[in-house]
Amino acid sequence: MKSQDVRKQFLDFFKSNGHLIVPSAPIVLKDDPTLMFNNSGMAQFKEYFLGNGTPKSKRIADTQKCLRVSGKHNDLEDVGFDTYHHTMFEMLGNWSFGDYFKKEAINWAWTLLTEVYKIPKENLYVSVFEGSKEDNVPFDQEAWDIWKTLIDEDRIILGNKKDNFWEMGDQGPCGPCSEIHVDLRSAEEKAQVSGKSLVNNDHPQVVEIWNNVFMEFNRKADGSLEKLPAQHVDTGMGFERLCMALQGKTSNYDTDVFTPLIEKVEQITGLKYTPNDVALSGVEETEEQNKTNIAIRVIVDHVRAVAFAIADGQLPSNTGAGYVIRRILRRAIRYGFTFLDIKEPFINKLVEVLANQMGEFFPEIKLQQQFVTNVIREEEASFLRTLDQGLILLNDLMLAHTDNISKAKVEIDGDYIFKLYDTFGFPEDLTGLILKENGFTYDKEGFKTELQKQKARSRAASEVSTEDWSVLIPGNVETFVGYDKVENDVKITRIRKVDSKKDGVLYQIVLDNTPFYPEGGGQVGDKGVLVSANETIEIIDTKKENNLILHFAKQLPENIEAGFTAKVNTDLRSATSKNHSATHLMHLALRNLLGTHVEQKGSLVNPNYLRFDFSHFSKVSDEELRQVEARVNAQIEAQLQLTEHRNIPIKEALDKGAMALFGEKYGDNVRMIEFGESKELCGGIHVKNTAEIWHFKILSEGAVAAGIRRIEAITGDAVKQFYQNQENTLSEIKETLKNPQDTIKAVVSLQEDNAKLKKQIEQLLKEKVGALKSELEKDFQEVNGINFLAKQVDLSMASTKDLASALGSSKADSFVFLASIEDGLPNIHCYISKELVVGKSLNANAVIKELGKYIEGNGGGQPFFASGKGKNVNGIAEALSHAVDFVK
C-alpha cells in the first residue's frame, strides 16, 4: 500500500465516523510562546483542551507535520542511527473535545488497524496505565476491560507513568494513555523471543505506532492533578511507522516515504544505500558502508524538516527557531561532507523530489519549491565555506600544538575545540576525526564541560516559573474590542504570576473584554493602563497564548475584583498603525515593481519604525527604492479610505484578491484589510485613511538570508524628525566649512585635498620603511644557522607589518620579530622563512600567541607570518628578549 493511500484511508475512516478533516497547522509556531515548533498533533488544539476556545467540531481528524528537535521532545541525535526516529514526521490523529471517550477511541483504533489496514492481530500488543500512587490515579480498569473484548489478555501490558501517562508539559492537560505496538520481526525471531518482552525496550522492529491519550486531568504548578471540566481524546499515530508496518518493511527508511529521496542521493553521490532487510539477512557490512547508510538516512530525514520549516516561513538564522533549522541543515551537510565526500551544495537538489512526493497533500512545499531550493543552496554554500575556514584554523591549531623539539603529537585542550565549535560552527565530531587522522587527541571531557556551561547559561537565561491561574470569573470568554475602542470598562477574569531570569517577576492579567491588541502578525502588543477609582496599573505589554489575551504588569491591583477602565496608549498605537498600514502599501509597491515572486517572509511593526523581509534574489537598486517610496507616498496622498472586511469566509477573501501569507494559520473566517489595490488578510491595527501616515521614508535595504531582502522604513513623526536631523547635519557641515556658497563643491574640494595628502604620506612612509630596512639589515644575527632579528621600530602597525615582511624576504632562513606602538597600544609581527617552517617546524602563529602574553594581547595568522595586538606597552621589551628562545 502506497503511503498516499495510507494517509487517505486514515482520514476517510474517521470522516465516515463523523470527524471533521482539518489541514495540518504550520510546522513553525508563531503565536505560542511556550513552543518553537509543532512537536505533536495536539499542539494546534491546546486552547480547546484548556477550555479557552471552541473547536469547529467536537470530532476532528488530521495529519500534522511535527518537528522534535528541541526541549523535552528531542530526537535529533538518534536520527540516522536507528530505523525509526525522525526530526520531522507526520502524526495521524483523531480528536474528541468533550464528545466520545475510551470505548469509541479504542474500538475505532482496533477496527482501522485490523480490518481496514488488515494488520494481523497476532502482531499487535497494547498497553494500559498501571496507575500511580504518587498522583493518586488508579489503574485504568476501563481501558483494560475494553481491550479484553478485542485482544487476548496476554497481549495487554501494564505501563508505568513514563510510558502510559501523557503530559503536554510540566503544567497543563494530561491523562492516562493506551499505546498500540506492532511486532515486525520474522516468524523465527518471534518463536525465540516473545514480542511482549520487547515492547518499550527500543527494539527497532517492535515499535509503538499509535497512542490513545485520555485527557481528563490538569497538572498544576505544584505538581498536583485536578479533574478537567470535560473528558477529551487525543490520539497520535506515527505515519512513517505505520507505512513501515503496512509495506512489510523493517525500517521507516525503506518505505516509499523515503526511498525516492534515497534514490536521488544515490544518483548524486554514486554510492549505494543498504536496505534494512538486507542488513538483517546476515550480509556483513563494512564500517565504511555502515557510515554511508547513516549519512544517507540523516540527509533524507533532515531535508524534510528543513524544507517544510522554510516553506512555513522559518528561515535559517543564528537565533531561536531559525538556529534550530540551521543546525539541522548543517548536520546533514556535515554528514555528506565527511561520509559521502560531497564538497559542494547538493541537498537542495532533493527539494524537487520532496515537492513531487508530498505536494498533493501539503501544497505549500510545491508552491514554495523554488524559494526553498534557493535558501537551502545558499545555506549549503555558506556552511561549506565555514568548513573550509575551519579546516585552515584546525591546521594552524595542530601546527601550534606540535612540539618543535620532539615532533610528538599532544592532547589539545577541550576549550580550543569548543571555540572552533561555538565561534566558527565547526562540528566537534568532524574536528575529532581530523585530529585522529593526524595523530592528535583532544580533551573530550574539557569540551563537554564547556558545552554544558553554555547550555546552563542558555537554560538560565530562558528559565520561566509560571504559577497556576487564579480564576476570578469562571467560564468567562474574553472579547477583543480594540478595532473599535481604545478605552473600555473591564473586569479582571484571571491572574497568574510569572518569574523569569530575563524579565523578573511579572503578572499576567486577563480581562473580560479588552481594547489592548496582543502581539501578533509582526505587530507589537499595546501598552497602556488599567485605572480604577483608587489606583492605576501600568500595562507594559500584551501577548496572546492559547487563545487568551495576556496583559503584563509589574504589580497587581490591590483590589483585583474592582471595576477598571482599560486605556490603550494612543500615541504608541497611532504610530504603530501608521507603520502597519505603510507595510501593506509597500508590499503592494514591491510586487508591482519587482514582480509577484515578492512575498512577505517576516515583519516587525512597532511605534518607531517598520521592518519588512521579503523574497527577492538580488539587491533592490537605489532607483527601485526611490520608485517604491514614490508609489507608497502616492497612495498616502491619494487619501485611501480603509475598507475592513472583519469576519468573512476565507474563500471569499481570496476570491476578492486578498494575499494570504505562507506559514500563517487562518480560520474559516478571516479579517481582510483593503487600501485601494492593497488587499491582505491581517488581524492588526490600521489607520482609517492613508492620509494619517503623512509620509513614508525608506532608511535601509539589505540581505538577511539567501533570497531574502530586508527594508527598514519610517512614517509620520519619525519622518519629520528624520528630515529635521538631516537639516541640522547639513547646517553643521556648512558651519564647519565656513559657510561656502556651494556646499557640495566645497566637500569635493576637501576630498581631493585629502586624497593628495594621503598619497604624500604614503610616499613618505615608503621612504621611511625603505630607510629602516637598509639600517636593520645590518642588525641580523646568526643563531643556529638562522638569520635572526628582533627590534622595536617607530612605525604604524600596518607599516611595521610591511617592514617585517620586507626584512624577512631579504635574507634566506630568516626569523624576524618586530614590535611598535600605535595609538598607545603595542603590536607585534613575526616573519619566518618558509624553508624554516617546513624544515624546522617553526610557526609564526605559535610565536605570536606565546610572545603576545607579555603585551597582554593575542593574534594569529599563517605559519610563515602572523601579527598580534595588545594592551601592555611595557611588555614589549620582554617579548623582544624572549623571541630568540624559538631559534636557540
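Our structure's up above, just so we're on the same page.
Because the structure is a prediction, the values reported are computed rather than measured. (Residues numbered from 1 in each chain as written. Predicted model: local features only at pLDDT ≥ 70, side-chain atom pairs only at ≥ 80, totals over all residues. Heavy atoms only, no water.)

Peer 1: Hey, could you run me through the environment of glycine 18 in this one?
Peer 2: For glycine 18, the location among the structural elements is in the loop between helix 1 (3-16) and strand 1 (20-21). Separated by 42 residues in sequence, glycine 18 and isoleucine 60 have C-alpha atoms that sit 8.3 Å apart. (Helix = DSSP H or I, 4+ residues; strand = E, 2+ residues; numbered from the N terminus.)

Peer 1: Whenever I open this one, unusual backbone geometry confuses me. Can you help?
Peer 2: Its identity as a non-glycine residue notwithstanding, aspartate 341 has a phi of 55°, on the positive side. Structurally, the position occupied by aspartate 341 is in the loop between helix 11 (320-339) and helix 12 (351-358). Here the phi dihedral of lysine 738 falls at roughly 65°; this positive angle occurs in a residue that is not glycine. Residue placement: lysine 738 occurs in the loop between helix 21 (716-736) and helix 22 (743-776).

Peer 1: Would you mind showing me how to read helix 25 (residues 844-851) here?
Peer 2: Working note: α-helix, 3.6 residues per turn, so residues spaced by three or four point in the same direction. Taken together, the buried positions of helix 25 are occupied by Ala844, Asn845, Val847, Ile848 and Leu851. Along the axis of helix 25, the buried residues cluster in a sector spanning 160°; they form a single face. Residues of helix 25 that are buried sit in contact with helix 14 (369-400), strand 35 (814-822), strand 36 (825-832), strand 37 (858-861), strand 38 (865-869) and helix 26 (876-882). The N-capping residue of helix 25, defined by a side-chain oxygen 2.8 Å from the backbone nitrogen of asparagine 845, is asparagine 843. (Buried < 20%, exposed > 50% of the residue type's maximum accessible area, 1.4 Å probe, protein only. Arc of directions from axis to C-beta. Contact = heavy atoms within 4.5 Å. Polar contact = N/O pair within 3.5 Å; in protein donor to acceptor, adjacent residues only side chain to side chain.)

Peer 1: In this structure, what is going on with the packing of helix 3 (residues 102-116) against helix 4 (residues 141-148)? I would like to understand it.
Peer 2: For any two helices packed against each other, the geometry comes down to the angle between their axes and how far apart the axes lie. With their axes 10 Å apart at the nearest point, helix 3 and helix 4 run at an angle of 35° to one another. The hand of the helix 3/helix 4 crossing is right-handed. The residues of helix 4 that touch helix 3, namely those facing Lys102, Lys103, Ile106, Asn107 and Trp110, are Glu142, Ala143, Ile146 and Trp147. Partitioned by chemical class, the residues of the contact of helix 3 with helix 4 number 5 nonpolar, 1 polar and 3 charged. (Axes fitted to C-alpha atoms, helices over the stretch in contact; angles between N-to-C directions. Left-handed = near helix turned anticlockwise from the far one by under 90°. Nonpolar A, V, L, I, M, F, W, Y, C, P; charged D, E, K, R; others polar.)

Peer 1: What is the right way to read the pairing of strand 30 (residues 678-681) from this model?
Peer 2: Remember that side chains alternate between the two faces of the sheet whenever the strand is regular. Sheet analysis places strand 29 (residues 669-675) next to strand 30, joined by 4 bridges and oriented antiparallel. In the strand pairing of strand 30, glutamate 674 is matched with lysine 679. Counting the residues that bridge the hairpin from strand 29 to strand 30 gives 2 residues, and of these glycine 676 lies at a positive phi of roughly 60°. (Pairing = 2+ DSSP bridges.)

Peer 1: Sorry, what's going on with the nonpolar core here?
Peer 2: In summary, soluble globular proteins display a tendency toward joint burial of nonpolar side chains. In terms of nonpolar packing, the biggest core is built from 118 residues, with Tyr117, Ile119 and Trp210 touching the most fellow members. Top contributing element to this core by residue count: helix 10 (residues 287-311), with 14 residues. Counting 26 residues, the second-largest nonpolar core is a separate cluster that includes Val598, Leu610, Phe614 and Val620. (Core = buried A, V, L, I, M, F, W, Y, C linked by side-chain atoms within 4.5 Å.)

Peer 1: Before we go on, may I ask you to explain the pattern of salt bridges in this structure?
Peer 2: Working definition: two side chains of opposite charge can pair if their charged atoms are close together. Evaluated as defined, the whole model comprises 41 salt bridges. In this structure, glutamate 379 engages arginine 326 in a salt bridge whose closest nitrogen and oxygen atoms are separated by 2.7 Å. Of this pair, glutamate 379 sits in helix 14 while arginine 326 sits in helix 11; the two residues are 53 residues apart in sequence, bridging distant segments of the chain. Comparing glutamate 379 with arginine 326 shows no difference in burial state: the two are buried. The partner of arginine 671 in a salt bridge is glutamate 644, and the shortest N-O contact between them spans 2.7 Å. With arginine 671 in strand 29 and glutamate 644 in strand 28 (residues 643-649), this pair connects stretches of sequence that are 27 residues apart. For arginine 671, a relative accessible area of 9% corresponds to the buried category. Take glutamate 644: its relative accessible area is 25%, and that puts it in the partly exposed class. It is possible to trace a salt-bridge network through shared partners that takes in Lys102, Asp140, Glu142, Glu216 and Lys227. (Salt bridge = Lys/Arg side-chain N within 4 Å of Asp/Glu carboxyl O.)

Peer 1: When you look at the sheet that holds strand 26 (residues 600-605) in this model, what are you seeing that I'm missing?
Peer 2: Strands in a sheet are paired, the pairing made by backbone hydrogen bonds, and the direction either parallel or antiparallel. Taken in spatial order, the 4 strands make up an open sheet running 26-27-32-31, and their pairing is antiparallel. Whereas interior strands pair on both sides, the edge strands pair on one side only; in this sheet they are strand 26 and strand 31 (696-705). Each neighbouring strand pair of the sheet contributes to a mean axis angle of 15°, computed without reference to strand direction. Pairing of strand 27 (residues 610-615) with strand 32 (residues 708-715) involves 6 bridges; the strand directions are antiparallel. In the sheet register, arginine 611 faces strand 32, and the bridge partner there is glutamate 712. On the sheet, helix 18 (residues 570-594) packs against strand 26, strand 27, strand 31 and strand 32 and is oriented at approximately 25° with respect to strand 27. The strands that helix 21 touches are strand 31 and strand 32; relative to strand 32, the one it contacts most, it runs at about 85°.

Peer 1: So what exactly am I meant to see when it comes to the sheet that holds strand 33 (residues 781-783) here?
Peer 2: Pairing is mixed across the open sheet formed by 6 strands, whose spatial order is 33-34-35-36-38-37. The sheet is open, and its two borders are formed by strand 33 and strand 37, each paired with just one other strand. Sheet twist, expressed as the average angle between the axes of neighbouring strands with direction ignored, equals 20°. In this sheet, strand 34 (residues 786-792) lies alongside strand 33 in antiparallel orientation, the contact comprising 3 bridges.

Peer 1: Help me understand the side chain of threonine 292, please; the structure alone is not making it clear to me.
Peer 2: Locating threonine 292 in the fold gives a position in helix 10. On the basis of relative accessible area, threonine 292 is assigned to the buried category, the value being 6%. When neighbours within four sequence positions are excluded, threonine 292 is seen to be in contact with Leu271, Lys272, Phe339 and Leu340.

Peer 1: Explain the state of the cysteines here, please?
Peer 2: Linking two cysteines covalently via their sulfur atoms produces the bond known as a disulfide. The tally for this structure, following the rule as stated, stands at 0 disulfides. Among the cysteines around cysteine 243, which has no disulfide bond, cysteine 66 carries the closest sulfur, lying 15 Å off. (Disulfide = S-S within 2.5 Å.)

Peer 1: Just to check I follow, could you spell out the packing of aromatic side chains for this structure?
Peer 2: By convention here, two paired aromatic rings are described through the distance between centres and the angle between planes. Tallied over the entire structure, the rule returns 31 aromatic pairs. Here the aromatic rings of phenylalanine 308 and phenylalanine 362 are separated by 5.7 Å at their centres, their planes lie at 80°, and the arrangement is edge-to-face. Residue phenylalanine 308 is found in helix 10, and its partner phenylalanine 362 is found in the loop between helix 12 and helix 13 (363-367); the two are separated by 54 residues along the sequence. A relative accessible area of 0% means that phenylalanine 308 is categorised as buried. Classification of phenylalanine 362 as buried rests on a relative accessible area of 2%. Ring geometry for phenylalanine 480 and tyrosine 483: centres 5.0 Å apart, planes at 90°, overall edge-to-face. Ring pairing ties together the aromatic residues Phe10, Phe13, Phe14, Tyr100, Trp108 and Trp210, which thus form one cluster. (Phe/Tyr/Trp six-rings, centres within 6.5 Å; stacked < 30°, edge-to-face > 60°.)

Peer 1: How should I be thinking about the environment of leucine 420 in this particular structure?
Peer 2: Within the secondary structure, leucine 420 sits in helix 15 (residues 414-424). Placed 74 residues apart in sequence, leucine 420 and phenylalanine 346 show a C-alpha to C-alpha distance of 25 Å. Apart from residues no more than four positions distant in its own chain, leucine 420 is found in contact with Gly390, Leu393, Leu394, Leu397, Gly425, Phe426 and Thr431.

Peer 1: What is the right way to look at the environment of arginine 709 in this model?
Peer 2: Within the secondary structure, arginine 709 is located in strand 32. Of the residues examined, arginine 709 reaches a relative accessible area of 12% and is grouped as buried. When sequence neighbours within four positions are dropped, the list of residues in contact with arginine 709 reads Phe612, Asp613, Phe614, His616, Ser618, Lys619, Val620, Glu701, Gly702 and Ala703. Polar contacts involving the side chain of arginine 709 include one to the side chain of glutamate 701, which spans 2.7 Å.

Peer 1: How should I be thinking about the packing of helix 10 against helix 11 in this particular structure?
Peer 2: Running from N to C, helix 10 and helix 11 point in directions that differ by 150°, and their axes come no closer than 9 Å. Between helix 10 and helix 11, the angle is such that the two are roughly antiparallel. Considering only the axes of helix 10 and helix 11, their crossing is left-handed. Of the residues in helix 11, those touching helix 10 at Lys291, Thr292, Ile294, Ala295, Val298, Ile299, His302, Val306 and Ala309 are Ile325, Ile328, Leu329, Arg331, Ala332, Tyr335, Gly336 and Phe339. The residue makeup of the contact of helix 10 with helix 11, split by class, is 12 nonpolar, 3 polar and 2 charged. (Parallel < 35°, antiparallel > 145°, perpendicular 65-115°, else oblique.)

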